[in-house]
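Okay, here's what each chain looks like letter by letter:
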Amino acid sequence: MPSVELFRERLTIGPPLLLDGPTGTELQRRGVETDVPQWSAAALVTAPEVVRAIHQDYVDAGAEILTANTFRTHALNLAAVGWEDRAAELTTLAVQLAREAATRGTRPIWIAGSQAPIGDCYTPWATPSDEILRREHQRMSEQLAAAGVDLILVETHPTLREALAASRAALSTGLPVVTSFVCSREGRLLSGESLAEAAEQAARLPIAAVCVNCVVADAVQAAIDVLAKASRGIPIGAYANVGYFDLDRGWVNSASVDPVVYRELARGWLQAGARLIGSCCGTTPEHIRELRRLIDGATVPP
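Residues numbered from 1 in each chain as written. Predicted model: local features only at pLDDT ≥ 70, side-chain atom pairs only at ≥ 80, totals over all residues. Heavy atoms only, no water.

## Details of the overall build of the chain
And then number 1: Across its full length, the chain holds 12 helices and 10 strands.
And then number 2: Rg of the C-alpha trace for the chain: 17 Å, near the compact-globule value of 19 Å for 302 residues, within the 12% margin.
And then number 3: With respect to the principal axes defined by its C-alpha atoms, the chain has extents near 55 × 45 × 40 Å.
And then number 4: Within the span of the chain, comprising 302 residues, buried residues form 58% of the whole.
And then number 5: Within the chain, residue pairs in contact and separated by at least 24 positions form 76% of the contacts whose partners lie at least 6 positions apart.
And then number 6: If you sum the accessible surface of the chain, you get close to 11,800 Å²; carbon and sulfur atoms cover 53% of it.
And then number 7: Side chains of the chain give 27 positive and 35 negative charges; the mean places of these two sets differ by 4 Å. (Helix = DSSP H or I, 4+ residues; strand = E, 2+ residues; numbered from the N terminus. Rg over C-alpha atoms; globule rule 2.2 N^0.38 Å. Buried < 20%, exposed > 50% of the residue type's maximum accessible area, 1.4 Å probe, protein only. Contact = heavy atoms within 4.5 Å. Areas by Shrake-Rupley, 256 points an atom, 1.4 Å probe, with all protein chains shown as cover. Lys, Arg positive; Asp, Glu negative; His and termini not counted. Charge placed at Lys NZ, Arg CZ, Asp CG, Glu CD.)

Below is the structure:
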């Protein structure tokens, strides 16, 4: 198990760290049911071997951080299907599956616990009260720490209020915390705050890095440029989608569905100072393989 000190050193000195890709859309691509509200957490019960295989494919592609499948193991989310009492059990299983894949790698690999919003990432108006956020994120953070994660990834947060609550809870465990926002092409969180304001406020906490994720890849460069100016000097990063959701057309893929196109967009993120890159919805292990090639041999223009 690689050390926290090495993780922090890589973030500040380099070379950039390579995060893995998505679990949810990869489960769908492999034919596993991911119905709401439990979404990707259902696979921990119905197809744990597929979850492990996805992690293994990211290891084989060169990822250095595996994100445990805990995006939807919040007790409050699981309560909707009567699984609230299984939150700690499923969180522990998710971390175990990632750890099993990590041990088969040839490079140091950290396990990140995903600490997502309580509820849907795209309905910021439904964010619970501050008291519920404090209680539920504290419970989730403690379960992730007990399960043995190396760091906590507070990810896909559309509101500054919940991102800060989740980050504070995660920091209380003593583990490194990476905070990541989802924003619009216009550089605003879905709750309306500017990404610059969100990054500046998050960076007031002793987090390890601030990122954007679940943003279509061709919109990330502008967001990374904002993070670079607003993050108070802490490390920045990004992991993007290959498409976006349109109310009329549904999911629309961009050119970055091609892993080589995605890699070339990510080149600009590294040039702007990103210390952590990976991929999000709709990407595949091949996208991670291309990012591995970028980090290993082409971090500057040819």
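From this point, the narrative continues.
## Structural notes on the layout of surface pockets
And then number 1: By volume, the largest pocket amounts to about 1,200 Å³.
And then number 2: Lining the largest pocket are 46 residues, and of these Tyr122, Cys214, Asn241, Trp251 and Cys281 sit closest to its centre.
And then number 3: Of all elements in the fold, only helix H2 (24-29), strand E2 (65-68), strand E4 (151-157), strand E6 (209-216), strand E7 (236-241) and strand E8 (243-246) reach the threshold of two or more residues within the lining of the largest pocket.
And then number 4: Take the lining of the largest pocket: its biggest share by element is 4 residues, from E6.
And then number 5: A breakdown of the residues in the lining of the largest pocket according to their chemical character gives 24 nonpolar, 17 polar and 5 charged. (1 Å grid on protein atoms, 1.4 Å probe; cavity = no way out; pocket = protein on both sides within 12 Å on 5 of 7 lines; lining within 4 Å. Points joined across faces, edges and corners; volume = space filled by probe spheres on them. Nonpolar A, V, L, I, M, F, W, Y, C, P; charged D, E, K, R; others polar.)

## Things to note about the pattern of salt bridges
And then number 1: Summed over all chains, the structure comprises 23 salt bridges.
And then number 2: Glu200 is the partner of Arg204 in a salt bridge, and the nearest nitrogen-oxygen pair spans 2.7 Å.
And then number 3: Between Glu200 and Arg232 there is a salt bridge whose closest N-O contact spans 2.5 Å. Of the two residues, Glu200 sits in helix H9 (residues 195-202) while Arg232 sits in the loop between helix H10 (220-230) and E7, which places them 32 residues apart along the sequence.
And then number 4: Looking at Arg232, the relative accessible area reads 49%, which means it is partly exposed. (Salt bridge = Lys/Arg side-chain N within 4 Å of Asp/Glu carboxyl O.)

## Looking at the sheet that holds E6
What links the strands of a sheet is backbone hydrogen bonding, and the strands pair in either a parallel or an antiparallel sense.
And then number 1: Spatially, 8 strands are ordered E1-E10-E7-E6-E5-E4-E3-E2 in an open sheet, and the strand pairing comes out parallel. Looking at which strands have only one partner, the edges of the open sheet turn out to be strand E1 (17-18) and E2.
And then number 2: Here E4 runs beside strand E5 (residues 177-181); their pairing, made up of 4 bridges, is parallel. Bridging across to E5, Ile152 finds its partner in Val177.
And then number 3: The strands that helix H12 (residues 285-297) touches are E1 and strand E10 (274-279); relative to E10, the one it contacts most, it runs at about 155°. (Pairing = 2+ DSSP bridges. Axes fitted to C-alpha atoms, helices over the stretch in contact; angles between N-to-C directions.)

## A short note on empty space enclosed by the protein
And then number 1: A full pass over the atoms with the stated rule returns 2 cavities of 30 Å³ or more.
And then number 2: Approximately 40 Å³ is the volume found for the largest cavity.
And then number 3: In terms of lining residues, the largest cavity is bounded by Pro117, Ile118, Gly119, Asp120, Thr123, Pro124, Ala126, Thr127, Pro158 and Glu162.
And then number 4: Here the lining of the largest cavity is built from residues that sort into 5 nonpolar, 3 polar and 2 charged.
And then number 5: Size it by volume and the second largest cavity reaches roughly 40 Å³.
And then number 6: Every residue along the wall of the second largest cavity is listed here: Leu19, Ile65, Ala112, Leu151, Leu153, Val178 and Leu276.
And then number 7: The residue makeup of the lining of the second largest cavity, split by class, is 7 nonpolar, no polar and no charged.

Everything listed here is a matter of coordinates, which is why it stays silent on function.
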